[in-house]
Amino acid sequence: MDTYQTILSLRSVRQFDLSRPIDEATLQRIVQAGRMSGSSKDSQPWWFIVVTDRATLAALSRTGDYAQHLAGAAFALAIVFDPKFYRGEFDSGRTAQNMMLAAWNEGIGSCIASIHHEDDGKAVLGVPGELRLQHIISFGYPLPGKQSISAAPKRARKPLDEIVMKERWSKR
Ligand SMILES: Cc1cc2nc3c(=O)[nH]c(=O)nc-3n(C[C@H](O)[C@H](O)[C@H](O)COP(=O)(O)O)c2cc1C
């Protein structure tokens, strides 16, 4: 897919077709897209935990208030970052988007889960206390007919003239 179309057509997918396994090479392409992200001072303050075990996915789905989709994912990527690095949160957001776009380019859908009960999530995965686990992303081929992956123009977004200004702040 053309890069711009991949970006514009990316939608959250929360229901996955588990009859279609994701091969190891594809999974590696996705994590490689995360690894290659830029970061502040090239600190690369992130780690990615690949989760395929169904019991672990189910346990993780209970660590966020809207994380149910993790239970039905083909795999999940937990994004762990080190808060002692400057801008670790922003940097790990970039890796998340890169991995979601790389997956979508292969036809694989994804959705972010916010981990509201972070200590519970860290306990499930054995993440050290000083590190942060704010988001886990579910991945899988979309379950046909179960979600609207609508065309780009239909996406509900603020109009450009509401969010773009020229030269300096010009909103009241
Ligand atoms: C930081 C962040 C946290 C999110 N957390 C959740 C979540 O906990 N559960 C969920 O179902 N979706 C979550 N989402 C997905 C958003 O709800 C979704 O991206 C937004 O509604 C726009 O829909 P779209 O991705 O289909 O365009 C999150 C997205 C972001 C960027």
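Cut-offs applied
- Residues numbered from 1 in each chain as written.
- Predicted model: local features only at pLDDT ≥ 70, side-chain atom pairs only at ≥ 80, totals over all residues.
- Heavy atoms only, no water.
- Near = heavy atom within 4 Å.
- Polar contact = N/O pair within 3.5 Å; in protein donor to acceptor, adjacent residues only side chain to side chain.
- Areas by Shrake-Rupley, 256 points an atom, 1.4 Å probe, with all protein chains shown as cover.
- Helix = DSSP H or I, 4+ residues; strand = E, 2+ residues; numbered from the N terminus.
- Nonpolar A, V, L, I, M, F, W, Y, C, P; charged D, E, K, R; others polar.
- Contact = heavy atoms within 4.5 Å.
- Pairing = 2+ DSSP bridges.
- Axes fitted to C-alpha atoms, helices over the stretch in contact; angles between N-to-C directions.
- Salt bridge = Lys/Arg side-chain N within 4 Å of Asp/Glu carboxyl O.
- Patch = residues over 30% accessible without salt bridge, like charges linked within 9 Å, V, L, I, M, F, W, Y side chains within 5 Å.
- Buried < 20%, exposed > 50% of the residue type's maximum accessible area, 1.4 Å probe, protein only.

As a matter of local geometry, the ligand sits amid 12 residues, with Ser12, Arg14, Tyr66, Ser114 and Arg157 nearest to it. Take Ser12: an N or O atom from its side chain is 2.7 Å from an oxygen atom of the ligand. Ser114 is positioned with one of its backbone polar atoms (N or O) 2.8 Å from an oxygen atom of the ligand. Here the ligand loses 61% of its free accessible area of 610 Å² to cover by the protein chains. Ranked by residue count, the leading element in the shell around the ligand is strand S3 (residues 109-114), at 4 residues. In terms of residue class, the shell around the ligand is built from 4 nonpolar, 4 polar and 4 charged.

As a further point, take the side chain of Ser40. Looking at the element boundaries, Ser40 is found in the loop between helix H2 (24-35) and strand S1 (46-51). With residues near it in sequence (within four places) discarded, Ser40 still touches Tyr86, Arg87 and Asp91.

Okay, the sheet that holds S3 next. Taken in spatial order, the 4 strands make up an open sheet running S1-S2-S4-S3, and their pairing is antiparallel. On the outer flanks of this sheet lie S1 and S3, each paired with one strand and no other. Across the sheet, the mean angle separating the axes of adjacent strands is 25° when strand polarity is ignored. Summarising the sheet, S3 and strand S4 (residues 132-140) pair through 6 bridges and their orientation is antiparallel. By the bridge assignment, Ser110 is partnered in S4 with Phe139. Sitting on the sheet, helix H4 (residues 88-105) touches S1, strand S2 (75-81), S3 and S4, and the angle it makes with S2 is about 160°. Its contacts with the sheet place helix H5 (residues 118-125) against S1, S2 and S4, and it is angled at close to 65° to S4.

What follows covers the pattern of salt bridges. By the definition in use, this model includes 3 salt bridges. Between Glu106 and Arg29 there is a salt bridge, with the nearest N and O atoms lying 2.5 Å from each other. With Glu106 in the loop between H4 and S3 and Arg29 in helix H2, this pair connects stretches of sequence that are 77 residues apart. One salt bridge connects Asp82 with Lys84, and the closest N-O pair in it is separated by 2.9 Å.

In this section: the side chain of Asp82. Among the secondary structure elements, Asp82 is positioned in the loop between S2 and H4. A distance of 2.9 Å separates polar atoms of two side chains, one belonging to Asp82 and the other to Lys84. Residues in contact with Asp82, not counting those within four places in the same chain, are Pro45, Trp47 and Leu131.

The next thing to look at is a nonpolar patch on the surface. A grouping of Leu160, Ile163 and Val164 is seen on the molecular surface, where their side chains present a nonpolar patch of about 300 Å² in accessible area. On the secondary structure map, Ile163 appears in helix H6 (residues 160-163). In this structure Ile163 comes out as partly exposed when scored by relative accessible area, which is 48%.

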